[in-house]
Amino acid sequence: MADVVLTAGGTEHTFTGEADVLLGRDPECDVRVTDDRRRVSRRHCRVVIRPPRVVVRDLGSHNGTYVNGTRIDGERDLRDGDELGLGDAVVRVAIRTVSHNGLTVLRELGRGAQGVVHLARETDGRLVAVKTLTAPGATALFRRELDCTAALRHPNIVRFHRSLADPLGFVAEYCAGGSVADHGPYGIEVAVPLVRQAAAALRYAHTAAIPVVHADGSTAVGRGLVHRDIKPENLLLTADGRLKVGDFGLAKAYDQAGLSGRTPSGAIAGSVAFMPRRQVIDYKYARPEVDVQALAACLYWMLTGATPRDFPPGADPVAVVLREPPVPIRKRLPTLPEPAASVVDAALGEDPASAAAFMDWLA
């Protein structure tokens, strides 16, 4: 985390964590700034704090916003020791990196509907990924992800290190290579070995012992976890190119399906473009086969750069998945050998047995 201190008129204003700070002469501003000639606008500029990044944005002020004497055009990143000029007033900026939970946050890696992921450094210098909850009302959902992540131990699954209480979150392995979605298209000689590693992770997860919380608050041990959100963004890469499956935020122990209170009836979540039709129709009771079919969709994307179905602008993606069959992969990539194409096409179909055949082909 970082403390950002803005000093205006001899008064220090300290902000910790994320904040949007309004500066101007209006009494309602977070930092009130005035000058003798009233050259400061009522709402002059905004300092946006997203640790470790701090940005100042001019709000269309009449006299402009200056950083170290230079007028900015739109926005400018701020550093420790910078001076903001608003009219004849000066606001001094101090950015103090601080440790929280033994972690020094370095930068944001990404964010989703429930949480944000930062790159951080442990006290021993090790780089880690830290995911914290940002969505109000999603505590139970987030705790479920934490429990699932902590329960899994496999070389091809992102490793859980420890949980955090304040803010609610967890520390996990950092995959420096980004995700499969950051690269590609891939040749088959690269794509298949990567997907094979993901398949190994899924075989393990589909039989692992998983803690389950029932609707009445009691706990049990479930057997087998369905990820339910396999997509290129969740297939992560280490610095040396190994693949790790991450983000179990939508996962569910399938032998306890319907008992954990995890997903409201009829709810659809995850990335529809990579979901099989059976998952869209019966999301809550999804079985392990849906993960394998989604993995086949990932291989399809890795080889072709396209999703199995076309999604025209403005079309309802759920309706597309329900109504449209996948495009045969050789229509996208005519050079793909027929044996590989037929296995991938079959895995994207409706027969659950094709998922097992796809896993056997990978193995």
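Residues numbered from 1 in each chain as written. Predicted model: local features only at pLDDT ≥ 70, side-chain atom pairs only at ≥ 80, totals over all residues. Heavy atoms only, no water.

Visitor: What am I meant to see in the packing of helix H7 (residues 338-347) against helix H8 (residues 353-362) here?
Guide: Helix packing geometry: the angle between the two helix axes and the distance between the axes. Look at H7 against H8: their axes get within 8 Å of each other, and the N-to-C directions meet at 145°. With respect to the hand of their crossing, H7 and H8 are arranged in left-handed fashion. Where H7 abuts H8, its residues Ala340, Val343, Val344, Ala346 and Ala347 lie against Ser354, Phe358 and Trp361. (Axes fitted to C-alpha atoms, helices over the stretch in contact; angles between N-to-C directions. Helix = DSSP H or I, 4+ residues; strand = E, 2+ residues; numbered from the N terminus. Left-handed = near helix turned anticlockwise from the far one by under 90°. Contact = heavy atoms within 4.5 Å.)

Visitor: What exactly am I supposed to notice about empty space enclosed by the protein here?
Guide: Leftover empty space is mapped by rolling, across the atoms, a probe with the size of a water molecule. Counted according to the given criterion, the structure contains three cavities of 30 Å³ or more. Size it by volume and the largest cavity reaches roughly 60 Å³. Partitioned by chemical class, the residues of the lining of the largest cavity number nine nonpolar, one polar and one charged. Considering the residues around the second largest cavity, the lining is formed by eleven residues, among which Arg228, Asp229, Ile230, Met275 and Gln279 are closest to the centre. A per-element tally of the lining of the second largest cavity places helix H4 (residues 288-304) first, with three residues. For the lining of the second largest cavity, a count of residues per class yields five nonpolar, three polar and three charged. (1 Å grid on protein atoms, 1.4 Å probe; cavity = no way out; pocket = protein on both sides within 12 Å on 5 of 7 lines; lining within 4 Å. Points joined across faces, edges and corners; volume = space filled by probe spheres on them. Nonpolar A, V, L, I, M, F, W, Y, C, P; charged D, E, K, R; others polar.)

Visitor: Teacher, can you tell me more about the pattern of salt bridges here?
Guide: A pair can form between side chains of opposite charge whenever their charged atoms are brought close. Here the structure, examined in full by the defined rule, presents 18 salt bridges. Between arginine 277 and glutamate 350 there is a salt bridge, with the nearest N and O atoms lying 3.5 Å from each other. Taken as a pair, arginine 277 in helix H3 (residues 277-281) and glutamate 350 in the loop between H7 and H8 lie far apart in primary sequence, 73 residues in all. Two residues, aspartate 310 and arginine 332, come together in a salt bridge whose shortest N-O distance is 3.0 Å. Taken together, the positions of aspartate 310 in the loop between H4 and helix H5 (317-323) and arginine 332 in helix H6 (residues 329-332) put the pair 22 residues apart, joining distant regions of the chain. When its relative accessible area of 24% is taken as the criterion, arginine 332 is described as partly exposed. Each of Arg53, Arg57, Glu75 and Asp77 takes part in one network of salt bridges that share partners. (Salt bridge = Lys/Arg side-chain N within 4 Å of Asp/Glu carboxyl O. Buried < 20%, exposed > 50% of the residue type's maximum accessible area, 1.4 Å probe, protein only.)

Visitor: Looking at this structure, I do not really get the environment of aspartate 20. What am I missing?
Guide: Along the chain, aspartate 20 falls in strand E3 (residues 19-24). Sequence separation between aspartate 20 and valine 47 is 27 residues; the distance between their C-alpha atoms is 5.9 Å. Apart from residues lying up to four places away in sequence, aspartate 20 is in contact with Asp30, Arg46, Val47, Val48 and Arg50. In terms of polar contacts, aspartate 20 uses its side chain to reach the side chain of arginine 50, at 3.0 Å. (Polar contact = N/O pair within 3.5 Å; in protein donor to acceptor, adjacent residues only side chain to side chain.)

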